[in-house]
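Examining the three-dimensional arrangement
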Amino acid sequence: MSQFLDYSEMLTEVETLVREDDNAAADRRTLSAFYNGRETMTKAEAENEGVKNVINHMLGFDSMNMAKIQVESIYTKGSLLWMINIDNLKPDQLHMKSVWETQIQQKLSQIIREARRFKPEWKAVAGELPLFGSATLGFLDQYDWCPRLMRVYVPRGTGILANEIPHCAMLDYMTIAELRTALSCSKRRKEMGYDSCWKDEHLFSAIKMLEGNIGASPSHFVTSATEPVDEMEENLRMEGGTSSTSRARLPIYRFYVSKDNDDGSRTYDLVIMPRVTATQKESMTRANLSIPVVLFHKADYHERAEEFLHPLFIDCQIGGRTLWHRVMGLGRLNYDSDVEVEAFFSEALTGAREKMRRVYQVSTASDWELLKSWAAGDGPSNVLPPGVSVADMGREPNFQHAMTPFQMLMQLTRRNGASMVQNPGLGSHAEELEVNALERQNRSSEALASRMGDIYECCDALGHEIFRRFLSSDILPTDKGYAEIKEFQQFLRDKKIPIAHLRAMTGGRMANVTIKASRAAGDGNSVQQRMSNAALMQRLHLFPEAAQKIILRRVTADETQDHDFAEEVVPFKPRRDTNQITVSSQENDTMDRQGILEYVPPLNDDDLDKTHIEEHMRSMQADVERGKVRPWDKVDLAAFQVKGAHTYAHIERYGMSKENGEEANAMKQALQKMAKAGDEYANNIQAKEESNQMSEKEKAELAFKERELRHKDRVQNDLVRFRAETLAQNNGKILTNANLKARELADKSVDMEHNRTLSEAELLKERFESSQSDIATAAARPGEPTPENAQPTQIQ
């Protein structure tokens, strides 16, 4: 539970915190004035001490400015403000890790720089830290991503961490326009049935009070009771000694108080209270207006202190516990010696002027009176009165006895500021031994590294909160920073970066994102930067080729202070995603095997299109080159065509982004050129197929000829058999003729040789029957045609 029961107790506590800070505020005013050029003494103080020529030559400004530049380097040097690491990605998203991290870092830095809102706040922090040792950035609402430099008042004995603060107050202002807007919004919420954290009655009284302040004198509303010394000094300097601007704005306290809940958690309430002076209270009482006490109260406004408060410290104190009010800055550390340097230098200049003045000599009192009259202008300036002469001192001023302590004091302040810059006229290290110079440089480097390490640690927490606000899901167009936040979230959606994964929280911290401030080379010190770059260049040959380009790019950017120029003259490709290369190679293998089925693999949502395009086109190029070694077949052609279709789909998706349009067109042209080579191989396959068809025809003709030859052989065999049959028939004819001849002989010699003829006739008949039997046997053979002239012989 909160330790405060009502608003009066809160107001009393806030005013107590401000009063306790009076001494520290006066100290801050003194330091700020001195290192910004104010003299060490007022004219009255100088007259009382008999000191003349009190001038601030700002001899101590150099060391403070060097420290300021080193803190500014976190914003001004380096192309990125924060390094972002994404953890706990799904296995199918791991290949996108480095790509997403790079895209987020670049876009976040670009938006913050282009908005130009964070730079002046960080420059103010860089000025406060060296002087006072502390500076605080605060978020004034729950949505705006840009913090503001705030003067924060905390109880004595509080530590330097935000979560160690039980309650705190910030001094701020609200303009009359902001008060009227708050009153209007509060009334509309109540009309719609919603609760409002604004207090309408107190808002109305505050508005009337400001309206009455316009035209009034500053004393009516500004008193030391409500205006801290350093803030009053700053306002007067900003407004030129008047307070016309303040009459149109209301000073307020933003009071944050921690509250321990029953579940063991801690939350913070926000209470906004006006800073009303006694004179204003009297005026409002006479006007029958209620005195405003509280303007706004929201319970559990923040869950963590880091959501609204980010203190940064440079502590030069040695020993003791580090507490909020025990921190000593470089300004306080160097102030006494720098004041002594100024006083020393002023006295030396006064002596030098006195030594350089002309000395006149007179011999009588009348000559003295003439000299005074001449000095008053009664007479020509280039002629001395009679009896007056110029005394020749015969020597010039000698400051050698004063230079040694003067140099020691100057080196002291520069050493405290870890500045390596030396003025040859005020003492250099030209004659210093090398070992002593290295030791001095090491001490300065260690002091600088320790100081900047504290700042970077605070910047890590600040970057975490800024990035969390850039992922806000409930910001409205009326909130500050809406345009930048929506632009960033739309970029994440376009790049298909999982916003829900980035938003995940655990224990008040982002569960899947780690943020580190980007460190500048040499931590912002130009000498340390050159030493670091020189060491890298000496060992450049020891690094891999890819690392050499990265080093050259960094060194070029550091030396030229132009990151765009470094990217142009030393380009290098980022590391390739091996997981994506493996996936695309597997797709190439699949298309080689299954291309004959005309299977085109679909695109995956997590595919890195550019990597896939490169791998697929490289595989297609290998197919083309392989065709020069051995001819393609239908399987090669099908795989090539499938790869082309799959690659074209990747190019189409890659070109959907406007920033990739030109590159996608160039990829399409390269793919078309490769497709023409594939068309040539396809024509060769078609020609080969036609050639193969003619060979088949020739084979058919050859087979036909072979069949013809076989037919001819069969015909020849048939002719041989026919010849044999013909010979047999001729033999039959011979027998027939012999038979006829025998008959004729028989007719002639029937009577004479009846017996002999009968014997011969029987012999011929036997031969004839034998020949007839042979003819019948030959005619009965299957497949052998019977000769047309083979007729059975009839015996007549």
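Everything numeric here is computed off the predicted structure, so don't read it as measured data.

As a further point, take the overall build of the chain. Each helix and strand counted, the chain has 24 helices and 14 strands in total. The buried share of the chain, taken over its 796 residues, is 39%. Of the roughly 45600 Å² of accessible surface on the chain, 53% is carried by carbon and sulfur atoms.

Looking now at the confidence of the model for the chain. Low pLDDT means the predicted atomic positions in that stretch should not be read closely. With 76% of its residues at a pLDDT of at least 70, the chain reaches an overall mean of 78. Low pLDDT, under 50, characterises residues 419-432; the predicted model gives this stretch 24 contacts beyond four residues in sequence or across chains. For residues 782-796, every residue scores under 50 in pLDDT, and the model assigns this stretch 20 contacts once sequence neighbours within four places are set aside.

This brings us to the pairing of strand E6 (residues 249-260). Judged by how many residues are buried, E6 sits mostly within the fold: 11 of 12 residues are covered. In terms of strand pairing, strand E5 (residues 167-175) meets E6 through nine bridges, oriented antiparallel. Considered in E6, the bridge of Met174 is made with Leu250. Counting the residues that bridge the hairpin from E6 to strand E7 (residues 266-274) gives five residues, and of these Gly264 lies at a positive phi of roughly 90°.

Okay, the nonpolar core next. Ranked by internal contacts, the top residues of the largest apolar core, which has 48 residues, are Phe118, Trp122 and Phe467. Sort the elements by how many residues they give to this core and helix H14 (residues 434-470) lands first, with eight residues. Sequence-distant contacts of Trp122, that is, excluding residues within four places in its chain, are made with Val71, Glu72, Ile74, Tyr75, Leu137, Leu312, Ile455, Cys459 and Leu462. Within the second largest apolar cluster, 34 residues are counted, among which are Ile252, Tyr256, Leu270 and Leu295.

With that settled, the discussion passes to empty space enclosed by the protein. Going through the model one piece at a time under the given rule, you end up with three cavities of 30 Å³ or more. Reported here for the largest cavity is a volume of approximately 60 Å³. As for the largest cavity, its lining consists of Ile74, Tyr75, Leu81, Trp82, Phe118, Trp122 and Cys459. Secondary structure elements with two or more residues in the lining of the largest cavity: helix H4 (61-76) and helix H6 (118-132). Considering only residue class, the lining of the largest cavity consists of seven nonpolar, no polar and no charged.

Turning next to the side chain of Ser337. Among the secondary structure elements, Ser337 is positioned in helix H11 (residues 330-356). Reaching out from Ser337, the side chain makes a polar contact with the backbone oxygen of Asn334 at a distance of 3.0 Å.

This part takes up the layout of surface pockets. What the second largest pocket holds in volume is close to 1500 Å³. Lining the second largest pocket are 36 residues, with Asp141, Trp198, Phe296, Tyr301 and Asp479 sitting closest to its centre. Where the lining of the second largest pocket is concerned, the elements lending two or more residues are E5, helix H7 (176-191), E6, E7 and strand E8 (296-302). Residue contributions to the lining of the second largest pocket peak at seven residues, all from H7. In terms of residue class, the lining of the second largest pocket is made up of 17 nonpolar, five polar and 14 charged.

Here we take up the environment of Ala299. For Ala299, the position within the fold is in strand E8. In sequence terms Ala299 and Thr267 are 32 residues apart; their C-alpha atoms lie 8.4 Å from each other. Contacts of Ala299, omitting those with residues within four sequence positions, involve Lys259 and Asp269.

Okay, helix H21 (residues 609-629) next. Taking 1.5 Å of rise per residue, 21 residues should cover 30 Å, and H21 covers 31 Å from first to last C-alpha, within 8% of that figure. Taken residue by residue, H21 has Asp609, Thr611, His612, Ile613, Glu615, His616, Met617, Ser619, Met620, Asp623, Val624 and Gly627 as its buried positions.

Rules behind the numbers
Numbers given for residues are sequential positions, taken from 1 along each chain in its written order. In keeping with the predicted nature of the model, local features appear solely for residues at pLDDT of at least 70, side-chain atom pairs appear and are counted solely at 80 or more, and the whole-chain, interface and lining totals rest on all residues. The side-chain numbers reported here are obtained from all heavy atoms of the structure, hydrogens and water having been left aside. Put simply, DSSP marks the helices as runs of H or I at least four residues long and the strands as runs of E at least two long, and each gets a number from the N terminus on. Between buried and exposed lies partly exposed: a residue is buried under 20% and exposed over 50% of the maximum accessible area for its type, with that area taken using a 1.4 Å probe on protein chains only. The method behind every accessible area is Shrake-Rupley, applied with a 1.4 Å probe, and residues are considered shielded solely by the protein chains displayed. The predictor attaches a confidence to each residue, called pLDDT, with possible values from 0 through 100. Residue contacts are counted whenever heavy atoms from the two residues lie within 4.5 Å of one another. One bridge is not enough; two strands pair if DSSP finds at least two bridges between them. Grouping buried Ala, Val, Leu, Ile, Met, Phe, Trp, Tyr and Cys residues that are joined through side-chain atoms within 4.5 Å yields what is termed a nonpolar core. As defined here, a cavity is a set of points on a 1 Å grid over the protein atoms alone where a 1.4 Å probe fits but cannot get out. A pocket is an open set with protein on both sides within 12 Å along at least five of seven lines, and residues line them when an atom is within 4 Å of a point. Grid points are joined across faces, edges and corners, and a volume is the space filled by probe spheres set on the points. Three classes are used, and their members are as follows: Ala, Val, Leu, Ile, Met, Phe, Trp, Tyr, Cys and Pro are nonpolar, Asp, Glu, Lys and Arg are charged, and the others, Gly among them, are polar. Here a polar contact means two N or O atoms within 3.5 Å. Within protein one must be a hydrogen donor candidate and the other an acceptor candidate, and residues neighboring in sequence count only if both atoms are side-chain atoms. Take the number of residues in a helix, subtract one, and multiply by 1.5 Å to get its expected span.

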